[in-house]
Amino acid sequence: MNDEILDVVIVGGGPSGLSAAWQLRGRSLVVLEERRRLGGRLKSESRGPYWMNFGGHLFPGAGSNMHNLVRELGLEVIEIPGLKTAMTFAGKVYRSKRVEAYPFVLPMSLKERIELVWVGTKLMTTVARWHRIAKPRQGEPDSARRERIAKFRFGKTFRDLLGRPSRRVDEIFQAAARRAAAEPEQQSAGVGVALFGAVWSGKKDNTALNLDGGSGRFGQAMQEHLGDRIRVGAAVQSVRQDGDLVRVRYLQDGREHTVTARQVVVAVPAHLAREVVADIPAAVDGALQVPRYGSWVGMTMITDEPGPMPYDDIYAMTTPDRTFDMFFNHANPLRRPGRREPGGSLMCYAGGETAQRLLKLSDAEITDIYTREILELFPTLRGHIVESHIQRWLIGGTYRTVSDAAAFEPLIEYCREPGHRIHFAGDYFAPLGQMEVAVTSGKAAAEMVSRELMRESRTSSTA
Ligand SMILES: Cc1cc2nc3c(=O)[nH]c(=O)nc-3n(C[C@H](O)[C@H](O)[C@H](O)COP(=O)(O)OP(=O)(O)OC[C@H]3O[C@@H](n4cnc5c(N)ncnc54)[C@H](O)[C@@H]3O)c2cc1C
């Protein structure tokens, strides 16, 4: 048992919790993180000049809360010169900067071409509408914009929007849709459109950057800055309000501890928040049941090729003809004109129903499938994969199904109301979970905490 009374306890050391902790670093606080490292679903490990990437990697550009945070931490983002729109089809790699060109590039029947144009046009028109909806309006609070996005095309599934094109055309959209960790039938049309909106973000694409040194640097830098205010290996069991204080019970190294604070930010995935927070108001509890989570099964690889490889100009590739849905070349942002350094770093992953099937296999079986299919595409890579790891993200991506927009509103309302001591943050605050959503929600929770602490200190000084 511990007697300390802190200003704030933050539960969860992912981007949302760390964003809150950073805003509140002038206060007495601790961050309790279940894993042995910070960063949550942002994870990478250094290997010489490269890094192995396991989780989130595309960082938002200038003007975003994540970008500001990364700069404040003294970290650098780097541009990605490579193609993010490459695609495999019938066993071959195709490169087009503009996805709209694929109906004319891929070896397809006329019927398939027409279908690809038809579905693609429908999607692009809807994405253009989504961009208008998602654009921030002068003077409006971020929550208003979030609400507008949440309501966009939430009453239909992404499958309803796509229709049912023939198999090979459908597989292209399916593979891309699984970047939301769910099948088109499971996600709302708004989720699918947001996903494609991130790809079709216009000519000047600084919306997707890399963190120099890998996304794991984010958690490491936070650890360096926040020091002994971070407690890793600390699994929170319960968060309970007790009068003017909140008691947080956690297990660390097999021992039970309690820490008491005036304010708590719960920054763990929605269903886990429900498990730990006691006495959640019924409407908020209902809202926390809205976000869905899908899995991803990835393989990350370090390679030792002596010179150029056929994927050097590619960063991201959709792979509808493979077991995995996406292939990434994480060495691409490090390539410079001139001499090509030896070695590299690659990653691939599958989501949706494929991930569910793969989760039943052993690491060795998944490695065999992924490796065989990568070598089919790039035979010169044979013998050059020197290290590989399978990463199972059971809680991979968060997304919304149909008719969820209204059901989530009680939580937005709760977050706006003054007087609470327990606050929520996480990437589940938007229909499609991304690090920017996480960081923004953490910042918003921290602002509420600051207001509450100031209000309390004013009240006690006038009493
Ligand atoms: C493979 C993959 C690729 C991705 N790609 C991108 C991308 O390119 N761009 C992008 O923007 N986003 C991407 N994401 C999503 C991004 O990583 C998440 O949106 C972001 O990490 C969410 O942050 P969070 O803090 O809400 O949750 P998390 O990152 O999940 O952090 C929550 C933390 O809470 C901890 N926790 C849980 N329960 C407890 C407990 N009881 N006690 C203490 N601690 C607890 C967890 O261990 C975790 O560290 C990707 C994710 C994955 C898995």
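Thresholds, definitions, all that
Residues numbered from 1 in each chain as written. Predicted model: local features only at pLDDT ≥ 70, side-chain atom pairs only at ≥ 80, totals over all residues. Heavy atoms only, no water. Pairing = 2+ DSSP bridges. Helix = DSSP H or I, 4+ residues; strand = E, 2+ residues; numbered from the N terminus. Axes fitted to C-alpha atoms, helices over the stretch in contact; angles between N-to-C directions. Contact = heavy atoms within 4.5 Å. Buried < 20%, exposed > 50% of the residue type's maximum accessible area, 1.4 Å probe, protein only. Patch = residues over 30% accessible without salt bridge, like charges linked within 9 Å, V, L, I, M, F, W, Y side chains within 5 Å. Areas by Shrake-Rupley, 256 points an atom, 1.4 Å probe, with all protein chains shown as cover. Salt bridge = Lys/Arg side-chain N within 4 Å of Asp/Glu carboxyl O. Lys, Arg positive; Asp, Glu negative; His and termini not counted. Charge placed at Lys NZ, Arg CZ, Asp CG, Glu CD. Near = heavy atom within 4 Å. Polar contact = N/O pair within 3.5 Å; in protein donor to acceptor, adjacent residues only side chain to side chain. Nonpolar A, V, L, I, M, F, W, Y, C, P; charged D, E, K, R; others polar. Domains from an automatic or database assignment. Core = buried A, V, L, I, M, F, W, Y, C linked by side-chain atoms within 4.5 Å. Buried area = accessible area lost by both parts, 1.4 Å probe. Phe/Tyr/Trp six-rings, centres within 6.5 Å; stacked < 30°, edge-to-face > 60°. Lys NZ or Arg CZ within 6 Å of the ring centre and 35° of its normal.

Caption draft 1: Structural view of the sheet that holds strand β13 (residues 292-303). If you walk across this open sheet you meet the seven strands as β7-β6-β14-β15-β16-β13-β17, and the pairing is mixed. Looking at the sheet topology across the chains shown, the edges are occupied by β7 (92-94) and β17 (385-399). Direction aside, the axes of adjacent strands within the sheet are offset by 25° on average. In this structure, strand β14 (residues 316-318) lies alongside strand β15 (residues 326-329), joined through three bridges in antiparallel fashion. Along β15, the bridge assignment pairs Ala 316 with Phe 328. Here helix α13 (residues 363-377) sits on the sheet in contact with β6 (86-89), β7, β13, β14, β15, β16 (344-351) and β17, set at roughly 65° to β13.

Caption draft 2: Layout of the environment of Arg 357. Structurally, Arg 357 can be placed in helix α12 (residues 352-358). On the basis of relative accessibility, which here comes to 54%, the residue Arg 357 falls in the exposed class. Residues Arg 357 and Ser 143, 214 residues apart in the sequence, show an inter-C-alpha distance of 37 Å.

Caption draft 3: The arrangement of unusual backbone geometry in detail. For Arg 153, which is not glycine, the phi dihedral falls at a positive 50°. Inspection of the secondary structure puts Arg 153 in the loop between α5 (142-151) and α6 (158-162). Given the relative accessible area of 32%, Arg 153 is considered partly exposed. One non-glycine residue, Asp 279, lies in the positive phi region at around 55°. Position of Asp 279 relative to the elements: it lies in the loop between α10 (270-276) and α11 (282-288). Overall, the relative accessible area of 66% leaves Asp 279 in the exposed class.

Caption draft 4: Inspection of a positive patch on the surface at higher detail. A contiguous patch of positive charge, built from Arg 129, Arg 132, Arg 153 and Lys 156, is present on the exposed surface. The topology assignment puts Arg 129 in helix α4 (residues 110-134).

Caption draft 5: Here's a closer look at a nonpolar patch on the surface. Residues Phe 104, Val 105 and Val 117 make up a contiguous nonpolar surface patch of roughly 280 Å² in combined accessible area. With respect to the element layout, Val 117 can be found in helix α4.

Caption draft 6: Structural context of the site of the ligand. What surrounds the ligand is a group of 32 residues, the closest being Ser 16, Glu 33, Arg 41, Asp 427 and Met 435. Measuring from an oxygen atom of the ligand, one finds a side-chain N or O atom of Arg 41 at 2.8 Å. Interatomic distance of 2.9 Å between a backbone N/O atom of Leu 58 and an oxygen atom of the ligand. When residues in the shell around the ligand are grouped by element, the largest group, three residues, is from strand β10 (residues 234-242). Considered class by class, the residues forming the shell around the ligand number 15 nonpolar, twelve polar and five charged. Domain assignment of the residues forming the shell around the ligand places at least three in each of domain 1 (5-41 + 215-290 + 404-462) and domain 2 (44-81 + 207-212 + 293-399).

Caption draft 7: Seen up close, the pattern of salt bridges. The tally for this structure, following the rule as stated, stands at 35 salt bridges. Arg 159 is the salt-bridge partner of Glu 185, the closest N and O atoms lying 2.8 Å from each other. Of this pair, Glu 185 sits in the loop between α7 (167-177) and α8 (189-199) while Arg 159 sits in helix α6, and the two are 26 residues apart along the sequence. The exposure class of Glu 185 is partly exposed, given its relative accessible area of 36%. Note on Arg 159: relative accessible area 6%, which makes it buried. Between Glu 341 and Arg 339 there is a salt bridge; the shortest N-O distance is 3.2 Å. Arg 339 sits in the exposed class, given a relative accessible area of 63%. Overlapping salt bridges bring together Glu 147, Lys 151, Glu 409, Glu 413 and Arg 416 as one network.

Caption draft 8: Just the nonpolar core, in detail. Counting residues in each nonpolar core, the largest one holds 36 residues, and the members touching the most others are Val 9, Val 239, Val 266, Leu 411 and Phe 424. Not counting residues up to four positions away in its chain, the partners in contact with Phe 424 are Val 266, Ala 273, Val 277, Val 284, Leu 288, Leu 411, Tyr 414, Cys 415, Phe 429 and Ala 445.

Caption draft 9: How the structure looks around the domain arrangement of the protein. When cut into domains, the protein gives domain 1 (5-41 + 215-290 + 404-462), domain 2 (44-81 + 207-212 + 293-399) and domain 3 (101-196). Taking only C-alpha atoms into account, the centre of domain 1 sits 32 Å from that of domain 3. Listed per partner, the contact involves ten residues of domain 1 and twelve residues of domain 3. Of the roughly 990 Å² buried at the junction of domain 1 and domain 3 (both faces included), carbon and sulfur atoms supply 67%. Contact with domain 3 buries surface across domain 1, with Ala 405, Pro 431 and Leu 432 losing the most and accounting together for 48% of the total. Viewed at the interface, domain 3 and domain 1 are joined by two salt bridges. A salt bridge links Glu 147 to Arg 416, with the nearest nitrogen and oxygen atoms 2.6 Å apart. At the junction of domain 1 and domain 3, the tally comes to two residue pairs in polar contact (both at pLDDT 80 or more). For the side of domain 1 that touches domain 3, the secondary-structure elements that each account for two or more residues are α14 (405-416) and α15 (435-462). Grouping the amino acids of the side of domain 1 that touches domain 3 by side-chain chemistry returns five nonpolar, two polar and three charged.

Caption draft 10: Layout of the packing of aromatic side chains. Under the definition given, this model contains 13 aromatic pairs. One aromatic cluster is present, built from ring pairs that chain together Trp 296, Tyr 315, Phe 328 and Tyr 349. Residue placement shows Lys 43 over the ring face of Phe 54; its charged tip is 4.5 Å from the ring centre. Sitting over the face of the ring of Phe 408, Arg 400 holds its NZ or CZ atom 4.2 Å from the ring centroid.

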